[in-house]
Amino acid sequence: MDFFNKLGATITSGANTAKDKFNNAVEINNLNSQIKSCEEQLKNYYTEIGKAYFESTTLDAVTDATMKEKFEKVNEAKAAIETLTASLRKARGTVVCQKCGSEVPAGTVFCSTCGSKIGETVADASAETSGNVCPSCGKPVKDGAAFCASCGTKING
């Protein structure tokens, strides 16, 4: 009987050790996850601080050579993005409405989102329509458009 008691105690002790190790591993994993979350938040805060500093400071006001170089690199990247975005719009055949910022087909006269005059005069026949036509001018109207891109008439949805 003493053998079985010792065996039971050994098994219980081993189970408790395994349970403690499992709980310890869970705690370690949880702490590592919390640390990574805090590090990600810290990275985001640094990014926000850097962006706020960049936006509130002119290049002429920067005296540190390293920071001046970083400002120039940011300005170069922003210029490259503007150039690439313009090329993308050209490839898509779109322009930007100066009032609301929506992309509309190049050549439309009125923005299909806000109704503002775009200033282009050539109609774009590639607009995706589902047979909808403007009640005023009879031209095809792009799906989901709030205004006719040809005459500016409000489209009743």
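Everything in this summary refers to the structure shown in the same document. Since we're looking at a predicted model, the values are computed, not measured. (Residues numbered from 1 in each chain as written. Predicted model: local features only at pLDDT ≥ 70, side-chain atom pairs only at ≥ 80, totals over all residues. Heavy atoms only, no water.)

**Topic: helix H2 (residues 65-92)**
Operational definition: By definition, any uninterrupted DSSP run of H or I lasting at least four residues is a helix, any uninterrupted run of E lasting at least two residues is a strand, and each is numbered from the N terminus. A helix is expected to reach a length of 1.5 Å times the quantity of its residues less one. Between N or O atoms, a polar contact is any pair within 3.5 Å; within protein, one atom must be a potential hydrogen donor and the other a potential acceptor, and residues adjacent in sequence are included only when both atoms are from side chains.
In this model, H2 (28 residues) spans 40 Å end to end at C-alpha, consistent with the 40 Å of a helix rising 1.5 Å per residue. At the N-terminal boundary of H2, the capping side chain belongs to Asp 64, with an oxygen 2.9 Å from the backbone nitrogen of Thr 66. Of the residues one or two after H2, Gly 93 is the one with positive phi, at around 75 degrees.

**Thoughts on a nonpolar patch on the surface**
Rules: Put simply, a patch holds well-exposed residues, over 30% relative accessible area, that have no salt bridge, with like charges counted together within 9 Å and Val, Leu, Ile, Met, Phe, Trp or Tyr side chains within 5 Å. Surface exposure here means Shrake-Rupley accessible area, sampled with a 1.4 Å probe, where a residue is shielded only by the protein chains that are shown. Think of a salt bridge as a Lys or Arg side-chain nitrogen and an Asp or Glu carboxyl oxygen that are within 4 Å of each other. Throughout this description, buried means an accessible area under 20% of the type-specific maximum (1.4 Å probe, protein chains only), exposed means over 50%, and partly exposed covers the range between.
There is a patch of nonpolar side chains on the surface, built from Phe 3, Phe 4, Leu 7 and Ile 11 and spanning about 460 Å² of accessible area. Within the secondary structure, Ile 11 is located in helix H1 (residues 2-56). Looking at Ile 11, the relative accessible area reads 54%, which means it is exposed.

**What about the environment of Lys 139?**
We count it as follows: Contact between two residues is taken to exist if any of their heavy atoms lie within 4.5 Å; hydrogens are not considered.
Here Lys 139 shows up in the segment after strand E2 (103-105). Spatially, the C-alpha atom of Lys 139 lies 8.8 Å from that of Cys 151, the residues being 12 residues apart in sequence. Setting aside chain neighbours within four positions, we find Lys 139 in contact with Asn 132, Val 133, Cys 134 and Ser 150.

**Quick look at the pattern of salt bridges**
Counting across every chain of the model gives three salt bridges. Across the pair Arg 92 and Glu 103 runs a salt bridge whose closest N-O atoms are separated by 3.2 Å. Here Glu 103 lies in strand E2 and Arg 92 lies in helix H2, a separation of 11 residues in the sequence. The network of salt bridges with shared partners includes Arg 89, Arg 92 and Glu 103.

**Details of the nonpolar core**
Across soluble globular proteins, nonpolar side chains have a tendency to be buried as a group. Our working definition: Among buried residues, those of type Ala, Val, Leu, Ile, Met, Phe, Trp, Tyr and Cys that are joined through side-chain atoms within 4.5 Å constitute a nonpolar core.
If you look at the biggest cluster of nonpolar residues, it comprises five residues: Cys 134, Val 141, Ala 145, Cys 148 and Ile 155. Setting aside chain neighbours within four positions, we find Cys 148 in contact with Phe 110, Cys 134, Cys 137, Thr 153 and Ile 155.

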